[in-house]
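# Overview (structure and organization)
So you can see what is in the structure, the chains are spelled out below.
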Amino acid sequence: MAFNHLPARVHDALAPLSVKPVTDSVPMAKNHRPDHAQPDPASRPSPEAVLHRLASGPSRSARITHTEHLPPRAGRHAVWPDRIRSEVIAAVQARGIEHPWAHQALAAEHALDGDSVVVATGTASGKSLAYLMPVLSALLDGSEAPNGRGATALYLSPTKALAADQCRAVRELAEPLGNAVRPAVYDGDTPFEEREWVRQYANYVLTNPDMLHRGILPSHPRWASFLKSLKYVVIDECHTYRGVFGSHVAQVLRRLRRLCARYGASPVFLLASATAAEPSVAARRLTGLPVVEVADDASPRGELVFALWEPPLTELHGEKGAPVRRTATAETADLLTDLTLQGVRSVAFVRSRRGAELISVIAQERLAEVDRSLVRRVAAYRGGYLPEERRALERALHSGELLGLAATTALELGVDVSGLDAVVIAGYPGTRASLWQQAGRAGRSGQGALAVLVARDDPLDTYLVHHPEALFDRPVESTVLDPDNPYVLAPHLCAAAAEIPLTEADLELFGPVSADVLTQLEAAKLLRRRTRAWHWTRRERAADLTDIRGTGGPPVQIVEEGTGRLLGTVDAEAAHSAVHEGAVHLHQGRTYLVRSLDLKDSVALVEQADPPYTTAARDTTSISVLETETEIPWGSGRLCLGSVEVTNQVVSFLRRRLITGEVMGETKLDLPPRTLRTRAVWWTVTEDQLDEARINPEILGGALHAAEHASIGMLPLFATCDRWDIGGVSVPLHPDTLLPTVFVYDGHPGGAGFAERAFHTARAWLTATREAIASCECEAGCPSCIQSPKCGNGNEPLHKRGAVRLLTTLLREAPEEAGAGTDGTGAEAPGEPG
């Protein structure tokens, strides 16, 4: 019997990065401009005072497990590079920036020398100015060219909001330069009547990888003059390009480089990242080019007070009678309410769209009890909103009309939120990089800032709030991406062939496995070789073969049944768990029930309702080994890495009472199974190891299951993933290994690099897993250690002590560098967390 628990990926969450607040004199931090109607930073309460008010009262103060103080830092100036146009320097100085920081000047020098460069310094350190100085100088030079449009530049961001915000900032900065700089946004929200103007006249085009993939590259003849003159490609927030999404973007950039070469251009790539380990290595994998690294942050930084906050235990009991903590959602709503009442401008970052909506609704209700005029000062912001809704919220945040915002990571990367005093993070966001990126959204005007991480009832969150060194004494994670993933590479080879027929000379650009993949595409009759080149054979667009942010097909439209009004969309992969029949869906503070899900037409019909509960999908999973690529001995057991096939099916959903999370009931569902070929890490144990660990057959399934749940929860400490990117299965006797086995796998076709990272850090990863289980104060297991909110078997069976003994035995025999690295039962599947 296999016990299942499959991963669920958050699709609107683009992966984030690191952050450090700054002081008043910060030059041209991203989107640098006056924040209208904002009080003087000196008049604001100190972050210590704000935290003291939040923690007032005996029950509140006990919830703070640790407070970290990051002291202010002085800045180091440099001189303007002499090759920067004097008009550009004058425009920057007119913005109040007399001299650049040292890292800005160094990055600009590399760009002027023709070196691709990555600026990897803290949030609000002025990375925008570092790349804008050479870009604006080139555009100004180009405007004086006797013929043609002169130099052009392309800006890529992971979100539409960031591109729109950067366009506003560039227009303001370049205003003294007149018509020499013509910035324009080109994305899915750009009206069709404006697109032709952008193609013909804009010389600084701001877009996203999705539009580059689907719109610009397939239509390259219409962009010929722009591409022919392309001097610089700016890739902002490049740390977000990780996993499968990052692998897709890497291939999109290779297609861009190929087309530029055909038009006679060889652009310099300028990358910016607020948090990345080994940024030059990650940038090289992303672009396929050598990249110089500038990582010595010379900008000043204001004080940051960072509190770790653990909600209290309640009198309620969850599955199997386990103690339940107050939810991070309820706790964050309280904190956002209190901050709003103090007049402290704040953002609460939430992992799911539903959570963002729920927190804003709870905060509004509690504010109404005090002062109804405050209700309109709090709102939600998330992916899936219509463009006009997002823009209205962004304007309200800019103007200060909003005091509090509950947001998903759709807001994390871009919109100018200078003037924020505090950030509340509802649950560890999955990586240290993301944590620091979110924390750094406050304090960007130079004032001190407060950040509060509110722990969820989850093994990793519980571990972190009691082990602050894991957050504050360790570097951010390495960016994991695999451009050679054949599931990623194949559709991009097709798209490239449709743009310009592929030749053998192109294969080096697309990587070492491209020749093998090309052979498979030819056999599948997607490509046909004629003379020396491969041609696209189909009538449909090759670029439509893949969605670079997902793999499950077109998004599911959420439609109000009575009116036919489109409320938003959800990714196809998340539809089974997010908008199944009976699911609760939140939108703009209103609650809807899903009446039907039509998978064929990709439509979910909903109607407005007011149920006293939320819903969470349950699924089952089985796994089979396709190929064992690498294995090493762990005592008499084995640690393995290879390819697997996972079969997952959403079978039911739970109804959980609002606020408390108490389970009210379970409803069966009839949805089709889905299969996934991916990569996994797995470990086996033998009879001798079970005897040493005192694991008898009665508790074996529960011990494996508990170890699997906890190891999934802890892997984000060692790879740039979160719990929803990965899945797991544990089996007392697996038919392929013929031994008790625990699998942890990537929740993406072909893999995303997470399982490989787990293999190479297995000793440290499983050591932290064992410690997280053993140090939990519960008696028999709870959501803070071994229970999972997505377990397909209702967290049954689980055996906490057995898991600790099993991991202890396994680790005692682990090699010093397990997996050649550096440092159940049940299944958990990709989808949006409830």
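Provided above is the structure to which this section pertains.
The structure reproduced in this document is the subject of the present report. (Residues numbered from 1 in each chain as written. Predicted model: local features only at pLDDT ≥ 70, side-chain atom pairs only at ≥ 80, totals over all residues. Heavy atoms only, no water.)

### Regarding the overall build of the chain
Threshold: Numbering of helices and strands runs from the N terminus; a helix is a DSSP stretch of H or I covering at least four residues, while a strand is a stretch of E covering at least two. We call a residue buried when its accessible area falls under 20% of the maximum for its residue type, exposed when it is over 50%, and partly exposed in between, using a 1.4 Å probe and counting protein chains only. In these tables, accessible area is a Shrake-Rupley quantity obtained with a 1.4 Å probe, and a residue counts as shielded only by the protein chains included in the view.
Assigned secondary structure in the chain consists of 26 helices and 32 strands. A total of 834 residues make up the chain; the buried ones form 64% of that total. A total accessible area of about 29,300 Å² is found for the chain, and carbon and sulfur atoms account for 51% of it.

### Describing the environment of L654
By the element assignment, L654 lies in strand β27 (residues 637-657). A relative accessible area of 3% means that L654 is categorised as buried. In this structure the C-alpha to C-alpha distance between L654 and T667, which are 13 residues apart in sequence, comes to 6.6 Å.

### What to know about helix α8 (residues 209-216)
Each α-helix turn comprises 3.6 residues. Residues three or four places apart therefore point the same way. Operational definition: We call two residues contacting when some pair of their heavy atoms lies within 4.5 Å.
Summarising burial for α8: 7 of the 8 residues are buried, a large majority. Turning to α8, the residues buried within the fold contact β4 (152-156), α7 (192-201), β6 (204-207), α10 (243-262) and α18 (486-499).

### Remarks on helix α12 (residues 328-341)
This is how the line gets drawn: Helices are assigned an expected span. That span is 1.5 Å times one less than the residue count.
Helix length check: α12 (14 residues) gives 20 Å between terminal C-alpha atoms against 20 Å at 1.5 Å per residue, within 8%. Where burial is concerned, most of α12 is hidden: 11 out of the 14 residues are buried. Within α12 the residues assigned to the buried category are A328, A330, E331, T332, A333, D334, L335, L336, T337, L339 and T340. Positive backbone phi, approximately 80°, marks G343, located one or two places after α12.

### A look at the side chain of T159
Heads up, the condition is: In protein, a polar contact requires one atom able to donate a hydrogen and another able to accept it; more generally it is a pair of N or O atoms within 3.5 Å, and residues adjacent in sequence count only if both atoms are side-chain atoms.
Considering the arrangement of structural elements, one finds T159 in the loop between β4 and α6 (160-174). What makes T159 buried here is its relative accessible area of 9%. One polar contact links the side chain of T159 to the main-chain amide nitrogen of L162, over a distance of 3.2 Å.

### Re the environment of R532
Within the secondary structure, R532 sits in the loop between β19 (527-530) and β20 (533-536). Residues in contact with R532, not counting those within four places in the same chain, are L502, T503 and E504.

### Topic: the sheet that holds strand β13 (residues 346-350)
Here is the rule: DSSP bridges decide pairing: two strands pair if at least two such bridges lie between them. Working convention: axes come from line fits to C-alpha atoms, limited for helices to the stretch in contact. Angles between N-to-C directions cover 0 to 180 degrees.
Taking strand neighbours across the sheet as the criterion, the 7 strands line up as β2-β10-β17-β16-β13-β15-β14 in an open arrangement whose pairing is mixed. Looking at strand neighbours, the two that pair on one side only are β2 (64-70) and β14 (378-381), the edges of this open sheet. Each adjacent strand pair in this sheet contributes to an overall mean axis angle of 15°, direction not counted. As paired strands, β13 and strand β16 (residues 422-426) are joined by 5 bridges and run parallel to one another.

Shape descriptors only; they carry no functional weight alone.
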